[in-house]
Amino acid sequence: MRKKIIVANWKLNSNIKNISIFLKNLKLNISSYLKYNTVVIAPSTIYLERVYKKINNLNVFLGAQDVNLNKKGAFTGETSILMLKDVGVKYVIVGHSERRLFHNESNELIAKKFSLIKNSYLIPILCVGESKDEKRRNQTKEIIKNQLNTIFELLGEKAFINSIIAYEPIWAIGTGLSADPVYVESINKFIKDYINHYSSNNLEEIIVQYGGSINSKNAQSFLQKPNIDGLLVGSASLDYKEFLEIIKISNDILCK
Ligand code: PEP
């Protein structure tokens, strides 16, 4: 199995004091767990530079939670891709369900952001997934296909090279009700097969993570699956003990 990618999405949480405690403990403990893991931390924009300074020499990467489509100009309150690059960002989360829901982000807008991120030589982490109602109506695969298609339409068959997809069923995010790992494995396999089918190349290297109420107790059952290439972790990633334990579990699985 190849390296797993573990991403911390801190959302609108934490503060200078807690970040300092988190990063101090990360520094003390992480080096032995990085052999089989790529680790990314995505703090709120205001803390990006602070986090970068502490993780840069640890081989841990900086992620952003969003980007504006405009590179500069009169867009009060926004952050451009140039600014993200300037402070050391390497990965950008795009299409998170909270942005789709609270900021009315459409598949079309998300595709444009995805394209901007790739054209700027950063790595997009595209979140896809269905709502509870859509799952009940058996529409999961249709929803995901639509989410991927708008990106294929804009960028062509090579769209998902050098990018990451996070399967995040909306009903599992922040609810404490993680999805069944067997179900996630089947959806992740579906995503890979769909992308392979759409592109004439055989894209062996498609990376598909899972996100939704992951913690140190359930992480192993997901990470053991061959088509779950890592985790996007929300609330559990705010607690350094939890986050380090998840990274350790991932490393231990691949060590064997
Ligand atoms: C997320 O927001 O991407 C997420 C997975 O959150 P949580 O782990 O808190 O469910």
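Position numbers for residues count from 1 along each chain, tracking the sequence in the order it is written. Only residues with pLDDT of at least 70 are given local features in this predicted model, and only at 80 or more are side-chain atom pairs given and counted; all residues enter the totals for whole chains, interfaces and linings. Side-chain numbers come from the whole structure's heavy atoms, not from hydrogens or water.

## Looking at the packing of helix α7 (residues 140–155) against helix α8 (residues 181–198)
Here's step 1: Every axis in this analysis is a line fitted to C-alpha atoms, fitted for helices over the stretch in contact. Angles between the N-to-C directions lie between 0 and 180 degrees. Note on conventions: DSSP H or I runs of at least 4 residues are helices, E runs of at least 2 residues are strands, and numbering of each starts at the N terminus. Across the interface, α7 lies against α8 with an axial gap of 11 Å and an inter-helix angle of 35°. Taken as a pair, α7 and α8 cross one another with a handedness that is right-handed. Contact residues: α7 offers Thr140, Lys141, Ile144, Lys145, Leu148, Asn149, Phe152 and Glu153, while α8 offers Tyr183, Ile187, Phe190, Ile191, Tyr194, Ile195 and Tyr198.
Here's step 2: Gly counts as polar in this scheme, as do all residues outside two lists: the nonpolar Ala, Val, Leu, Ile, Met, Phe, Trp, Tyr, Cys and Pro, and the charged Asp, Glu, Lys and Arg. Grouping the constituent residues of the contact of α7 with α8 by class yields ten nonpolar, two polar and three charged. Left-handed is the label given to a crossing in which the near helix is rotated counterclockwise from the far helix by less than a right angle, and right-handed is the label when the rotation is clockwise. Whether two residues are in contact is decided by their heavy atoms, any of which lying within 4.5 Å being enough.

## Quick notes on the sheet that holds strand β7 (residues 207–211)
Here's step 1: One requirement defines pairing of two strands: DSSP has to find at least two bridges between them. A barrel is described by the order of its strands in space; here eight strands give the closed sequence β1-β2-β3-β4-β5-β6-β7-β8, paired in parallel fashion. Going across the sheet, the axis of each strand differs from the next one's by a mean of 25°, ignoring polarity.
Here's step 2: Taken strand by strand, α8 contacts β5 (123–128), β6 (164–167) and β7, and its axis lies near 145° from that of β6.
Here's step 3: Against the sheet, helix α10 (residues 240–255) engages β1 (4–9), β2 (37–42) and β8 (230–233), with an angle of about 175° to β1.

## Some words on the packing of helix α5 (residues 107–119) against α7
Here's step 1: Contact geometry of α5 with α7 gives a least axis separation of 9 Å together with a crossing angle of 50°. Here α5 is positioned oblique relative to α7, judged by the angle of their axes. The two elements α5 and α7 meet at a crossing, and its hand is right-handed. Between α5 and α7, the contacting residues are Asn107, Glu108, Ala111, Lys112, Phe114, Ser115 and Lys118 on the first element and Asn146, Gln147, Thr150, Ile151, Leu154 and Leu155 on the second.
Here's step 2: Of the residues that constitute the contact of α5 with α7, the class distribution is five nonpolar, five polar and three charged. An angle below 35 degrees is read as roughly parallel, one above 145 as roughly antiparallel, one from 65 to 115 as roughly perpendicular, and any other as oblique.

## Observations regarding unusual backbone geometry
Here's step 1: Within the chain, tyrosine 121 stands out as a residue other than glycine whose phi angle is a positive 65°.
Here's step 2: Within the secondary structure, tyrosine 121 is located in the loop between α5 and β5.
Here's step 3: Positive phi, close to 65°, is recorded for asparagine 138, a residue that is not glycine.
Here's step 4: Structurally, asparagine 138 is set in the loop between α6 (132–136) and α7.
Here's step 5: Three labels apply to residues, based on accessible area from a 1.4 Å probe with only protein chains included: buried if under 20% of the type maximum, exposed if over 50%, partly exposed otherwise in between. The exposure class assigned to asparagine 138 is exposed, which follows from its relative accessible area of 73%.

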